[in-house]
Amino acid sequence: MIRLLHISDLHFGTVDSRLPEAVEAIAARLPPDAVIVSGDLTQRARAGQFDAAAAWLRRLPAPVLCVPGNHDAPLYNLVRRLAAPFAGYRRAFGPTEPGLTLPGVVVQGVNTANPLVWKSGLLRRSSAARLAQAFAAAPAGALRIAVLHHAPVPAADGTPADMADPPATLDRLAATGAEVVLSGHTHMPHSGIAGQAQGMLFLQAGTAISTRRKTGSNDLSVIEVAGPDLTLTSWVAPQGGAFAPRPPMRFRRQEGRWQAMGAG
């Protein structure tokens, strides 16, 4: 079995000081085989915020794969935003589209942040090509997981996907061979199976440690993969209080499509 800790939207610069240690404690209890961070590591892409985020992630007991979000490019410095939007991110975390191979699982990151706009995401053709290459090279039977900040599916409250051309993006993701998509951006945890795109499974995490709560709670996800089965357990901290697990949700991939197997 492979266990992933999925966190998102850390927003260093607006961190609830009670929560980083709580996440560290959960990670120590698990422990995960990898930590996946789906973007918005900082609030304003400042050097000190990148440094604080990097220092905290180094305290987690597993390899970290992270991708940038729209908050990880400068907002007010237009010269830097256009000329080198991810220079600060790369200095702190390295490539914006990293990959990770675990037994039976291949994870590939994608940078959907678009410096030409403030908020909306974009799946570039070059990123889709990188996904396809990584998944084509994966061992037979390995689960193929894509990590994006923005997702081309609605948020938990039904808000439309904040991404350019969601239907075309879904088709492009399906063509890469992606089977599971991890994302953030909405600050609302959500899971669902795409009606199109070959039944891909989309798992969205809210904000793990920031005060920028949209649901009144912080959350993180624990994802366990065992053969064709995937179990998702959402840990929720109401109003920045103690994290507690919700009943797990179970999914099974059969004949190339995911099926929800129920909770508990």
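Report follows, based on the coordinates. By convention here, each chain's residues receive numbers from 1 onward along its written sequence. The predicted origin of the model limits local features to residues at a pLDDT of at least 70 and limits the giving and counting of side-chain atom pairs to 80 or more, whereas totals for whole chains, interfaces and linings rest on all residues. Side-chain measures were taken over the full set of non-hydrogen atoms in the model, leaving aside hydrogen atoms and water.

Here a helix means four or more residues in a row that DSSP labels H or I, a strand means two or more in a row labelled E, and each is numbered from the N terminus. The number of helices and strands found in the protein chain is 6 helices and 14 strands. What you see for the protein chain is a C-alpha radius of gyration of 17 Å, in line with the 18 Å of a compact globule of 264 residues. Once the C-alpha set of the protein chain is aligned to its principal axes, its extents read approximately 50 × 40 × 35 Å. Exposure categories follow from relative accessible area, calculated using a 1.4 Å probe and restricted to protein chains: below 20% of the type maximum is buried, above 50% is exposed, and the middle band is partly exposed. Across the 264 residues that make up the protein chain, the buried fraction comes to 56%. Within the protein chain, residue pairs in contact and separated by at least 24 positions form 67% of the contacts whose partners lie at least 6 positions apart. The method behind every accessible area is Shrake-Rupley, applied with a 1.4 Å probe, and residues are considered shielded solely by the protein chains displayed. Surface exposure of the protein chain reaches about 10,700 Å², of which carbon and sulfur atoms provide 55%. Note on charges: Lys and Arg go in the positive column, Asp and Glu in the negative column, and His and the chain ends are not counted at all. Taken as the charge location is NZ of Lys, CZ of Arg, CG of Asp or CD of Glu. The average position of the 25 basic charges and that of the 18 acidic charges among the side chains of the protein chain differ by 4 Å. The globule rule is 2.2 Å times the number of residues to the power 0.38, and the radius of gyration it is compared with is taken over C-alpha atoms. By the convention used here, residues are in contact when the closest approach between their heavy atoms is within 4.5 Å.

Next up on the list: the side chain of Thr231. By the secondary structure assignment, Thr231 is in strand 11 (residues 229-238). Residue classification places Thr231 among the buried residues on the basis of a relative accessible area of 13%. Distance and chemistry together define a polar contact, namely a pair of N or O atoms within 3.5 Å, with one atom able to donate a hydrogen and the other to accept it when in protein, and with adjacent residues in sequence counting only for side-chain atoms on both sides. At a separation of 3.3 Å, a polar atom in the side chain of Thr231 contacts the side chain of Arg250.

Counted as a void, the largest pocket has a volume near 310 Å³. Only protein atoms enter the 1 Å grid, on which a cavity is a set of points fitting a 1.4 Å probe that cannot get out and a pocket is an open set with protein on both sides within 12 Å along at least 5 of 7 lines, lining residues being those with an atom within 4 Å of a point. Lining the largest pocket we find 21 residues, and of these Lys119, Asp162, His185, Thr186 and Lys214 sit closest to its centre. Residue composition of the lining of the largest pocket, grouped by class: 7 nonpolar, 9 polar and 5 charged. Estimates place the volume of the second largest pocket at around 190 Å³. Of all the elements in the fold, those that place two or more residues in the lining of the second largest pocket are strand 8 (190-193), strand 9 (201-204) and strand 11. Grid points are joined across faces, edges and corners, and a volume is the space filled by probe spheres set on the points. Only Asp, Glu, Lys and Arg are considered charged in this grouping, and only Ala, Val, Leu, Ile, Met, Phe, Trp, Tyr, Cys and Pro are considered nonpolar; every other residue, Gly among them, is considered polar.

With that settled, consider the packing of aromatic side chains. Only rings of Phe, Tyr and Trp enter the pairing, Trp through its six-membered ring, and a pair is recorded when the two centres are within 6.5 Å. The plane angle decides the type: under 30 degrees is stacked, over 60 is edge-to-face, the rest tilted. Using the criterion set out here, one finds 4 aromatic pairs in the structure. Seen from their ring centres, Phe12 and Trp56 are 6.1 Å apart, and the 45° between their planes marks the pair as tilted. Here Trp56 lies in helix 2 (residues 47-57) and Phe12 lies in the loop between strand 1 (2-7) and helix 1 (19-29), a separation of 44 residues in the sequence. Accessibility assignment for this pair places Phe12 and Trp56 in one class, buried. Ring geometry for Tyr89 against Phe93: centres 5.1 Å apart, planes inclined by 50°, an arrangement best described as tilted. Pair noted here: Tyr89 and Phe93 are both in helix 4 (residues 87-93), with a separation of 4 residues, about one helical turn. Both residues of the pair, Tyr89 and Phe93, belong to the buried class. The rings of Phe50, Tyr89 and Phe93 are connected pair by pair, giving a single aromatic cluster.

In these notes, a set of buried Ala, Val, Leu, Ile, Met, Phe, Trp, Tyr and Cys residues joined through side-chain atoms within 4.5 Å is what counts as a nonpolar core. Ile7, Leu10, Leu41, Trp56, Leu57, Phe93 and Leu220 are the most contacted members of the largest nonpolar core, which totals 33 residues. Contributing elements (two or more residues each) for this core: strand 1, helix 1, strand 2 (34-38), helix 2, helix 4, strand 10 (217-226) and strand 11. In contact with Leu220, other than residues within four places in its own chain, are Leu5, His6, Ile7, Val23, Ile26, Thr233, Ser234, Trp235 and Phe243. Ile2, Ala34, Leu102 and Val225 belong to the second largest nonpolar core, which has 22 residues in total.

Here we come to the environment of Ile2. Relative to the helices and strands, Ile2 is located in strand 1. Ile2 sits in the buried class, given a relative accessible area of 8%. As a C-alpha pair, Ile2 and Ile145 span 143 residues in sequence and 12 Å in three-dimensional space. With near-sequence residues (within four places) excluded, Ile2 lies in contact with Asp33, Leu102, Pro103, Val105, Ile223, Glu224 and Val225.

On to the environment of Pro31. Tracing the backbone through its elements, the reader meets Pro31 in the loop between helix 1 and strand 2. Sequence-wise, Pro31 and Leu5 are 26 residues apart; in three dimensions their C-alpha atoms are separated by 8.6 Å.

To continue, consider the sheet that holds strand 4 (residues 99-102). Ordered in space as 4-5-6-7-9-8, the 6 strands form an open sheet in which the pairing is mixed. Looking at strand neighbours, the two that pair on one side only are strand 4 and strand 8, the edges of this open sheet. Neighbour-to-neighbour, the strand axes of this sheet turn through a mean angle of 15°, independent of strand direction. Here, a strand pair is defined by DSSP locating no fewer than two bridges between the strands. Where strand 6 (residues 143-147) lies against strand 7 (residues 180-183), 3 bridges are found, and the strand directions are parallel. Residue pairing for strand 7: Val147 is matched across the bridge by Leu182. Together, strand 5 (105-109) and strand 6 form the strand contacts of helix 5 (residues 125-136), whose direction differs from that of strand 5 by roughly 165°. In this analysis an axis means a line fitted to C-alpha atoms, helices contributing only their contacting stretch, and an angle means the value between N-to-C directions, from 0 to 180 degrees.

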